[in-house]
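# Descriptive structure summary
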Amino acid sequence: MAFAPFNAVLPVIAAFVVFIFGYVALFVSLMIWFFVCLVIAKGIYEGAKKVRSYTKRSTPAKTFISSDVALIPGLDSGLIATGGRS
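Here the structure is a predicted model, which is why all the values come from computation and not from measurement. (Residues numbered from 1 in each chain as written. Predicted model: local features only at pLDDT ≥ 70, side-chain atom pairs only at ≥ 80, totals over all residues. Heavy atoms only, no water.)

### Some thoughts on the overall build of the protein chain
Looking only at helices and strands, one finds one helix and two strands in the protein chain. Along the protein chain, from the amino end to the carboxyl end, the secondary structure elements read α-β-β. Looking at the protein chain as a whole, 2% of its 86 residues qualify as buried. Taken as a whole, the protein chain presents about 8100 Å² of accessible surface, with 74% of it coming from carbon and sulfur. (Helix = DSSP H or I, 4+ residues; strand = E, 2+ residues; numbered from the N terminus. Buried < 20%, exposed > 50% of the residue type's maximum accessible area, 1.4 Å probe, protein only. Areas by Shrake-Rupley, 256 points an atom, 1.4 Å probe, with all protein chains shown as cover.)

### With respect to the packing of aromatic side chains
Scanning the entire structure with this criterion turns up two aromatic pairs. Arranged with centres 4.9 Å apart and planes meeting at 70°, the rings of Phe19 and Tyr23 form a pair that is edge-to-face. Note that Phe19 and Tyr23 are positioned in helix α1 (residues 9-62) at a spacing of four residues, about one turn of the helix. Look at Phe34 and Phe35: their rings are 5.4 Å apart centre to centre, the planes differ by 65°, and that puts the pair in the edge-to-face class. Accessibility expressed as a relative area gives 44% for Phe35, which makes it partly exposed. (Phe/Tyr/Trp six-rings, centres within 6.5 Å; stacked < 30°, edge-to-face > 60°.)

Structure (structure tokens):
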């Protein structure tokens, strides 16, 4: 029985091509994950900046007495404002 001649070059070339395509696919998938994580991190950062600016703007609105008034603590009626601008 005679066997057909086996060419070992074609499987080596095919394995090399599959190897290269595998590394390209891995690189592309890692880059996609990197950019997705970058977008998520940027969203968290920008959201935190908006929350911080909102709290900075809303904090003065929550105070009842302006900061230029001297306060006398320890009286029965709580805090009494003295002085201020005329």
